[in-house]
2 protein chains.
Amino acid sequence: MNEVKKESKQGKIRAQSEAKILEAAQEEFILQGYKGATVQSIADRAGLPKANILYYFKNKENIYHAVLEHTLDTWDKGIGDIDPDQGPKIAIEKFIASKVRMSFQHSSSSKIYAMEIIQGAQHLKEFARTYLRRWVREKAALFQHWIDNGEMVDVDPYKLIFLIWSTTQHYADFEIQVLTVMNRAEYEEEDQEQVTAFLTDIILRGCGLK
Amino acid sequence: MNEVKKESKQGKIRAQSEAKILEAAQEEFILQGYKGATVQSIADRAGLPKANILYYFKNKENIYHAVLEHTLDTWDKGIGDIDPDQGPKIAIEKFIASKVRMSFQHSSSSKIYAMEIIQGAQHLKEFARTYLRRWVREKAALFQHWIDNGEMVDVDPYKLIFLIWSTTQHYADFEIQVLTVMNRAEYEEEDQEQVTAFLTDIILRGCGLK
DNA sequence: TGGTAACTTGACTATAAGGTTAAAATATTT
DNA sequence: AAATATTTTAACCTTATAGTCAAGTTACCA
């Protein structure tokens, strides 16, 4: 239920302000961590006075929750559903492409998510225990089905999913390391394609699908 | 230059205290982030009074630097050198095994490192720009040599290194997610072996080495 | 054994940060 | 145009935390 206020000028101001605040907060939380990101620093980045921030979000934790919610939305949209009818090759291709796209287009969300998990998943335990676990179990069953059918090599489906997650997310979470090592300032258009092509190539071959 | 104080009782006390403090600090920095980890919380975890912590390390930032130094030490030891004479298959096998071992045995170091990079590598920029970049360039040249020799499939060596890093580190950094999704309390002895076997299998095949 | 250095610790201080309040400004509605 | 609701903002309050200090204790050494 996305509270859609009536389209008044004030409603627009609220929506704009909240969006500005959330974007600023996301960056601050990434760069400084939860405790290190101050309401003042978020305010400065958003270009608003501190008290204004606390008018829209009652307190700092609420801001963080809103950022996390946005993160899970992004995760959900970016996960890329696996269609069982297309067979393993197409399924894996689409899965990889979707996750790479998400890493390159929404790297901040990926970083927030990664930090949460590394720090003990304080706010995501429930998400992992329910939603995520079911998602992985379902997709793993699909892979297992293809393996039993001889359509792909016998590899542990769980570990295969982890492999695709980790390799794709790496380009978001470790963006700075990747760029530094390659002596580049930022990702270019073609990087996303090249990464997709590389991962698809090596993983498909790894699964005996090439 | 590891200041080896003469083996007095006090020297021993210093060494023991510093070790206790660093271990406690590492955990706190992971769980709470730099700003969120308080000197008091580190003291509590180490079982020492706060003022004592600040006697051994002048201030909080020094504690963090010491933790990071230990992290880079661990990274350095765990990276696993690649021997060019053995050919790509053995090289990749050893590389993967070494990184998986590091992830399972020193997951805290991996987490500290990951958080640093995600947060902008404030303290590791220099390390990445010099040491890491050279390391990757050298290893990439080796892989390229094998590719040119037709000893393995033509894949981008840089991306191959990133792939091995990301898949292996995933089991340390995302430990909680992996365990939660698999509905397990903690890693067992055999997990490390199974992960090593899985990754070796799929990556070697992905490189046309199986 | 007396003096010095290393260590321990409770009490204290300064400051930064989250959050409140109340009053002013702006927008909306009737 | 008056009344009401929303938004903006400065000033203030409270608490938590990094770091200091000084007085004590323990170990070392001549």
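Residues numbered from 1 in each chain as written. Chains lettered and ligands numbered in written order. Predicted model: local features only at pLDDT ≥ 70, side-chain atom pairs only at ≥ 80, totals over all residues. Heavy atoms only, no water.

Colleague: So what about the overall build of chain A? Which residues, and what values?
Modeller: If you tally the helices and strands in chain A, you get 10 helices and 0 strands. Along chain A, helices (α) and strands (β) appear in the sequence α-α-α-α-α-α-α-α-α-α when read from the amino end. Its C-alpha atoms give chain A principal-axis dimensions of about 60 × 40 × 35 Å. Restricting to contacts in chain A with at least 6 residues of sequence separation, those with at least 24 account for 67%. Accessible surface computed for chain A: about 10400 Å², of which carbon and sulfur atoms make up 47%. Taken together, the 27 basic and 31 acidic charged side chains of chain A have centroids lying 7 Å from each other. (Helix = DSSP H or I, 4+ residues; strand = E, 2+ residues; numbered from the N terminus. Contact = heavy atoms within 4.5 Å. Areas by Shrake-Rupley, 256 points an atom, 1.4 Å probe, with all protein chains shown as cover. Lys, Arg positive; Asp, Glu negative; His and termini not counted. Charge placed at Lys NZ, Arg CZ, Asp CG, Glu CD.)

Colleague: Describe the interface of chain B and chain A, listing the residues and the values that go with them.
Modeller: Listed as interface residues are 53 residues of chain B and, on the opposing side, 53 residues of chain A. Of the roughly 4800 Å² buried where chain B meets chain A, counting both sides, 72% is carbon and sulfur surface. Its largest share of buried area at the contact with chain A, chain B owes to I118(B), K159(B) and V181(B), together 15% of the area lost on that side. Counting every contact that joins chain B to chain A gives 0 salt bridges. For the pair chain B and chain A, the number of links is 8 residue pairs in polar contact (both at pLDDT 80 or more). (Buried area = accessible area lost by both parts, 1.4 Å probe. Salt bridge = Lys/Arg side-chain N within 4 Å of Asp/Glu carboxyl O. Polar contact = N/O pair within 3.5 Å; in protein donor to acceptor, adjacent residues only side chain to side chain.)

Colleague: How would you explain the pattern of salt bridges if you had to name every residue and give the values?
Modeller: Residues and elements named next belong to chain A. Enumeration over the complete set of coordinates arrives at 15 salt bridges over all chains. The salt bridge involving E28 is made with R45; its shortest N-O contact spans 2.7 Å. With a gap of 17 residues between them, E28 in helix 1 (residues 9–36) and R45 in helix 2 (residues 39–46) connect regions that are remote in the sequence. In this structure R45 comes out as partly exposed when scored by relative accessible area, which is 43%. (Buried < 20%, exposed > 50% of the residue type's maximum accessible area, 1.4 Å probe, protein only.)

Colleague: Break down the relation of the copies chain B and chain A for me, citing the residues and quoting the values.
Modeller: Overlaying chain B with chain A gives an RMSD of 0.0 Å, the required rotation being 180 degrees about an axis along which the chain moves by 0.0 Å. Considering both components of the superposition, the chain copies are consistent with a two-fold axis. Looking at the rotation axis and the C-alpha trace of chain B, the residue lying nearest is G206(B), at 2.0 Å. Of the interface residues in chain B, 100% have counterparts in chain A that sit at the interface too, so the contact is made through matching surfaces. (Least-squares fit on C-alpha atoms with pLDDT ≥ 70 in both.)

Colleague: Can you lay out helix 4 (residues 60–78) of chain A for me, pointing to particular residues and giving the numbers?
Modeller: Residue and element names in this part refer to chain A. Between the first and last C-alpha of helix 4 there are 27 Å, a value that for 19 residues agrees with the 27 Å anticipated at 1.5 Å per step. Residues of helix 4 that are buried include every one of K60, I63, Y64, A66, V67, L68, T71, T74, W75 and G78, and no others. Residue G80 follows helix 4 closely and has a positive phi angle near 70 degrees. (Expected span 1.5 Å × (residues − 1).)

Colleague: Pulling in residues and values, what's your account of the domain arrangement of chain A?
Modeller: Interface size, as often reported, equals the accessible area lost upon joining of the parts. All names here are of chain A. When the domains of chain A are assigned, the result is domain 1 (9–58) and domain 2 (71–206). Each of domain 1 and domain 2 has a C-alpha centre, and these two points are 30 Å apart. When domain 1 packs against domain 2, the two sides together hide about 420 Å² of surface, and 68% of this comes from carbon and sulfur. By the criterion of area lost to domain 2, the three top residues of domain 1 are Q26, F29 and I30, representing 85% of everything that side buries. If you look at where domain 1 meets domain 2, you find 0 salt bridges. Seen at the junction of domain 1 and domain 2, the total is 2 residue pairs in polar contact (both at pLDDT 80 or more). (Domains from an automatic or database assignment.)

Colleague: Describe helix 10 (residues 189–206) of chain A, naming the residues involved and giving the relevant values.
Modeller: Residue and element names in this part refer to chain A. Taking 1.5 Å per residue as the helical rise, helix 10 with its 18 residues ought to reach 26 Å, and the 27 Å between its terminal C-alpha atoms agrees with that figure. Most of helix 10 sits inside the fold, with 13 of its 18 residues counted as buried. Looking at the residues trailing helix 10, positive phi occurs at G208, about 70 degrees.

Colleague: Just give me the short version of the nonpolar core, but keep the residues and values in it.
Modeller: In summary, soluble globular proteins display a tendency toward joint burial of nonpolar side chains. Counting 136 residues, the largest nonpolar core has L160(A) and L160(B) as its most contacted members. When near neighbours in sequence (up to four residues on either side) are disregarded, L160(B) contacts F198(A), I202(A), I92(B), F143(B), M152(B), V155(B), I203(B) and C207(B). (Core = buried A, V, L, I, M, F, W, Y, C linked by side-chain atoms within 4.5 Å.)

Colleague: Would you mind going over the confidence of the model for chain A in detail, with residue names and values included?
Modeller: The share of residues in chain A with pLDDT of 70 or more is 94%, and the mean pLDDT across the chain is 93. Contacts of residues 1–7 of chain A to residues separated by more than four positions or lying in other chains number 3 contacts, the stretch itself having pLDDT below 50. (pLDDT = per-residue confidence, 0-100.)

Colleague: Account for a negative patch on the surface, with residues named and values stated.
Modeller: Residues and elements named next belong to chain A. A cluster of acidic residues, E186, E188, E189, E190 and E193, forms a negative patch at the surface. Mapped onto the elements of the fold, E193 is located in helix 10. Judged by its relative accessible area of 56%, E193 is exposed. (Patch = residues over 30% accessible without salt bridge, like charges linked within 9 Å, V, L, I, M, F, W, Y side chains within 5 Å.)

Colleague: Give a description of the packing of aromatic side chains that names residues and reports values.
Modeller: Residues and elements named next belong to chain A. Taken as a whole, this structure holds 34 aromatic pairs over all chains when the rule is applied. Residues F29 and Y64 carry aromatic rings whose centres are separated by 5.0 Å and whose planes lie at 80 degrees to one another, so their mutual orientation is edge-to-face. With a gap of 35 residues between them, F29 in helix 1 and Y64 in helix 4 connect regions that are remote in the sequence. A residue is classified by how much of its surface remains accessible, and F29, at 2% relative accessible area, is buried. A relative accessible area of 7% means that Y64 is categorised as buried. (Phe/Tyr/Trp six-rings, centres within 6.5 Å; stacked < 30°, edge-to-face > 60°.)

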